[in-house]
Each structure stands twice: as C-alpha cells, then as structure tokens.
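Report on the structure
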Amino acid sequence: MTGFAPAMRWIGFVSLFACSVLAEPQRVVLLEELVRIEALRSRSYELPMPQQKASLELRWNVKQPDGAVRLLVVDRHSNTTAFDSGYESGGNRRVKLDQAGQYQVTIENRQQNLGHSLVDLRMELLFGEERPPVSAFRGPTPARRYWAMATSLALFAMMVTYAGVRLGPALVERWRPRRFRKTLDENRWDDTVGE
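Residues numbered from 1 in each chain as written. Predicted model: local features only at pLDDT ≥ 70, side-chain atom pairs only at ≥ 80, totals over all residues. Heavy atoms only, no water.

Confidence along the protein averages 79 in pLDDT terms, with 73% of residues attaining 70 or more. The element-level mean pLDDT for the protein is lowest in helix 1 (residues 4-23), coming to 55, with strand 4 (residues 69-75) highest at 92. (pLDDT = per-residue confidence, 0-100. Helix = DSSP H or I, 4+ residues; strand = E, 2+ residues; numbered from the N terminus.)

Below, the structure is given as structure tokens:
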C-alpha cells in the first residue's frame, strides 16, 4: 500500500500536466522584425494554410518617421479581405482564418510621398480553440447592486410600516401601564372581614 500512493500522485501530476498542455492553444511566431517600407510602396507576405483553421495575431508599430501604415489580410482563394486596419501608426489585432487556404498579409505605405517607414511587425499563428479571457470582476455591475440594495431597503421599510400599523394598537394596549385606582366596591373587597 505504501507504493500505491506515490504512484497515484505521479499519475495525477502527469495527467494535470497533459491537460494543461493540451488546453492551451499552440502559438507559432511567423515573423518578428523591423520592416522597411519605401514611400508609395507595399510589402507582402504569403501565408499558406492548406490544412487547418487558425487565428492570426498581428502587432505593428511605426517606429520612424511618425506616420501610418495599412495592414491587409486577404484570402487569395476567394479574393476577399479578412482584415483591413486602415492607416494607423500602430495596433494589435487577432484575425480568425475560418477556412484553410492561401492568405496574404500586405503592409502598405501609400500616404508617405518621400522616404520610408520602419514598422515593428509581429505575426503569430494560434492553433486550437482559445478560451475567452477571464475577467477579474465577477458579479453584478455597480448599478445593479445599487438598485438591488435600494429595492431591498424599500421592501423592508414597507414590511416594518405594515407591521406597525397592524400590530401597533395591540402592542400599545398590552404594554400600557395600568392604573389601580379602583374602589373597594369595584374589586368586591369587603373591608369588614377582618373585624
């Protein structure tokens, strides 16, 4: 029996580790570099996804000079745009690639007339289902808590008022001090008994 407990602990540890590894999505960093894009030009990256669905996570930030670039994710098979950032100086976006196919990520620098832009670009692929982020705050909103407390206090005040109206006269009668000023005849006492 002494060898059974450590074996069970070991099996529990291994199964917990396997569940935690399998539960997390697999991340693959495709590109993380400083990209130079000349004025009025664009740069494209091919992204073949022939076998499975995934999510593409994009992070970009224009380093020099201060300007804006546009990121496009295009499905080459159906010729549709999966994501268009518009001209921005930076951002972070997760794009779901719902079907397997050929994708193309394009960075455009068409607003700048002279020179070039340096863009810090990071592209990652996430495979598997990702759980939604867990918020730190769980429970009702502050407005809902306020109205719940106000309603509870109003109901309590109504119950106390109702009880006071219905039971008030009986309680006053019961606990009111009594006066013992009755005469001997009213109590039917005979003061001649002891003579």
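So that's the structure; there's more coming.
One pair of aromatic rings is described through two measures. These are the centre distance and the angle between the planes. Counted under the stated rule, the structure contains two aromatic pairs. Considering the side-chain rings of Y146 and W147, the 5.2 Å spacing of their centres and the 75° angle between planes classify their relative orientation as edge-to-face. In this structure W147 comes out as exposed when scored by relative accessible area, which is 56%. Over the ring of W175 we find R174, and its NZ or CZ is 5.7 Å from the ring centre. (Phe/Tyr/Trp six-rings, centres within 6.5 Å; stacked < 30°, edge-to-face > 60°. Buried < 20%, exposed > 50% of the residue type's maximum accessible area, 1.4 Å probe, protein only. Lys NZ or Arg CZ within 6 Å of the ring centre and 35° of its normal.)

One non-glycine residue, L40, lies in positive phi territory at about 60°. Topologically, L40 is positioned in the loop between strand 1 (26-38) and strand 2 (41-49). With a relative accessible area of 44%, L40 lands in the partly exposed category. Its identity is not glycine, yet N79 carries a phi of approximately 55°, on the positive side. Within the secondary structure, N79 sits in the loop between strand 4 and strand 5 (80-88). Residue classification places N79 among the exposed residues on the basis of a relative accessible area of 64%.

This part covers the nonpolar core. If you look at the biggest cluster of nonpolar residues, it comprises 25 residues, and the most contacted ones within it are L56, L58, L97 and L121. Discounting residues that sit within four places of it in the chain, L58 has contacts with L71, V73, F83, G91, N92, R93, V95, V105, R122 and M123. (Core = buried A, V, L, I, M, F, W, Y, C linked by side-chain atoms within 4.5 Å. Contact = heavy atoms within 4.5 Å.)

On to the pairing of strand 4. Counting buried positions along strand 4 yields five of seven residues, so the element is predominantly enclosed. Hairpin geometry of strand 4 and strand 5 is characterised by an intervening segment of four residues between the two adjacent antiparallel strands and by a positive phi of about 55° at N79. By the bridge criterion, six bridges tie strand 4 to strand 7 (residues 101-109) in an arrangement that is antiparallel. Considered in strand 7, the bridge of R70 is made with E108. (Pairing = 2+ DSSP bridges.)

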